[in-house]
Amino acid sequence: MNHLKEYPNLYRLYVRIRNKWLIMALLFFLAFAFSFVSILWDLPEAVSVLTMAMVIPGVIALIVIPVTRAKVIKSAKRFTPQELARVDNDFPMAAKEEGYCVTRDALLHCGGYFFLYPVRDIIWVYRNVMTVRYLGIIPVSKSSSVMIGGRDHKRYGCKIKNRGRAMEFIETGLKQYRNGIFFGYSNELEKMFSKDFDRMLAISREYDMRNA
């Protein structure tokens with residue numbers, strides 16, 4: 001993490017996100033501490049049970065902090081020092097949508113969590129929608145995420161609003177810097193990414209070179 005301190009804007013972003021989780025953890029633990037007060041004051045049992053249960057999200061929030069730190073360190077290692085310096089300089093002035101930002105070197109998410117991935121390594125971007133159904137029939141809730149298929153043959157999911165513009169914003173931003181990125185989901189792209197990834201990479205490189 002000391003390495004990231006060389007890039008003040010990125011480090012400030014990380015600290016802001018970390019502090020949000022610290023504050024949430026503190027509030028949850030304060031609620032948990034109040035459960036003992038509620039018992040002494042003979043408040044309704046439901047109040048005691050509810051506030052005592054706050055220890056669970058409090059612990060989860062504390063766990064998120066070191067996990068986020070590890071992810072930030074791993075993400076930063078994907079970039080050269082020159083690239084990180086450019087991202088640090090470009091980030092404050094770049095347009096943002098739902099916490100997402102695209103610079104010439106990186107796709108960032110700076111909302112409740114930290115996501116940083118090199119634009120040069122992005123191969124495929126698509127929207128994924130998960131629908132929760134009651135009894136497997138009645139839709140209860142829906143959540144959306146943008147999926148990033150990378151040159152490392154891994155997928156990275158980041159939450160977006162169901163009816164927001166983040167997906168279109170990301171696509172428009174990436175198209176400024178790369179032509180060799182596949183957008184949208186199809187069975188053909190899924191099959192190619194899963195079973196014929198070398199071909200997908202070759203097509204991506206061809207489009208990047210053709211339109212360079």
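What you see is a predicted model; the values in this text were computed from it and never measured.

Definitions and limits used
Residues numbered from 1 in each chain as written. Predicted model: local features only at pLDDT ≥ 70, side-chain atom pairs only at ≥ 80, totals over all residues. Heavy atoms only, no water. Helix = DSSP H or I, 4+ residues; strand = E, 2+ residues; numbered from the N terminus. Buried < 20%, exposed > 50% of the residue type's maximum accessible area, 1.4 Å probe, protein only. Contact = heavy atoms within 4.5 Å. Pairing = 2+ DSSP bridges. Axes fitted to C-alpha atoms, helices over the stretch in contact; angles between N-to-C directions. Phe/Tyr/Trp six-rings, centres within 6.5 Å; stacked < 30°, edge-to-face > 60°. pLDDT = per-residue confidence, 0-100. Salt bridge = Lys/Arg side-chain N within 4 Å of Asp/Glu carboxyl O. Core = buried A, V, L, I, M, F, W, Y, C linked by side-chain atoms within 4.5 Å.

Peer 1: How would you summarise the side chain of D90 if you had to cite specific residues and measurements?
Peer 2: With respect to the element layout, D90 can be found in helix 4 (residues 81-90). Taking the relative accessible area as the measure of exposure, D90 reaches 18% and is therefore buried. The contact partners of D90, leaving out residues within four places of it in the chain, are T103 and R104.

Peer 1: Describe the sheet that holds strand 3 (residues 106-110), and please don't skip the residues or the numbers.
Peer 2: Taken in spatial order, the 4 strands make up an open sheet running 1-2-3-4, and their pairing is antiparallel. Either end of the sheet is taken by a strand with one partner, and the two such strands are strand 1 (96-97) and strand 4 (114-118). Bridge count between strand 2 (residues 100-102) and strand 3: 3 bridges; the pairing is antiparallel. Residue pairing across strands places V102 opposite L107, the latter belonging to strand 3. The sheet strands contacting helix 5 (residues 166-175) are strand 1, strand 2 and strand 3, and the helix crosses strand 2 at an angle near 15 degrees.

Peer 1: Describe the packing of aromatic side chains, with residues and values.
Peer 2: Scanning the model with the defined rule gives 9 aromatic pairs in all. Seen from their ring centres, Y117 and Y156 are 5.1 Å apart, and the 45 degrees between their planes marks the pair as tilted. Here the residue Y117 occupies a position in strand 4, and Y156 occupies one in strand 7 (residues 155-160), the gap between them amounting to 39 residues. Given a relative accessible area of 1%, Y117 falls into the buried group.

Peer 1: Could you give me a rundown of the confidence of the model for the chain, with the residues and numbers involved?
Peer 2: Mean pLDDT over the chain works out to 87, with 91% of the residues at or above the 70 mark. The least confident element of the chain, judged by mean pLDDT, is helix 2 (residues 45-52) at 74; the most confident is strand 8 (residues 182-183) at 96.

Peer 1: Can you lay out the pattern of salt bridges for me, pointing to particular residues and giving the numbers?
Peer 2: Applying the stated criterion across every chain yields a total of 11 salt bridges. With a shortest N-O distance of 2.7 Å, R104 and D90 are connected by a salt bridge. Of this pair, R104 sits in the loop between strand 2 and strand 3 while D90 sits in helix 4, placing them 14 residues apart in sequence. R104 gets classed as partly exposed once you look at its relative accessible area, which sits at 44%. Between R151 and D121 there is a salt bridge whose closest N-O contact spans 3.5 Å. Of the two residues, R151 sits in the loop between strand 6 (138-150) and strand 7 while D121 sits in the loop between strand 4 and strand 5 (122-134), which places them 30 residues apart along the sequence. It is possible to trace a salt-bridge network through shared partners that takes in E83, R120, D121 and R151.

Peer 1: An account of unusual backbone geometry is requested, with residue identities and associated values reported.
Peer 2: Notably, E98 is not glycine yet its phi reads approximately 55 degrees, a positive angle. On the secondary structure map, E98 appears in the loop between strand 1 and strand 2.

Peer 1: Now, about the nonpolar core: what can you tell me, with residues and values included?
Peer 2: L108 and L116 are the most contacted members of the largest nonpolar core, which totals 20 residues. Contributions of two or more residues to this core are made by helix 1 (8-40), helix 3 (55-76), helix 4, strand 3 and strand 4. Beyond its immediate stretch of four places on either side in the chain, L108 contacts L10, L13, V87, F91, G99, Y100, C101, T103, F115 and L116.

Peer 1: How would you sum up the environment of V119? Please name residues and give values.
Peer 2: Its location among the elements puts V119 in the loop between strand 4 and strand 5. Judged by its relative accessible area of 2%, V119 is buried. Put simply, V119 and T103 are 16 residues apart on the chain and 8.1 Å apart in space, counted from C-alpha to C-alpha. Once you skip the residues sitting within four places of it in the chain, V119 turns out to touch T103, R104, D105, A106, L107, L174, Y177 and R178.

Peer 1: How would you explain the environment of F182 if you had to name every residue and give the values?
Peer 2: By the secondary structure assignment, F182 is in strand 8. Through-space distance from the C-alpha of F182 to that of A33 is 51 Å; in sequence the pair is 149 residues apart.

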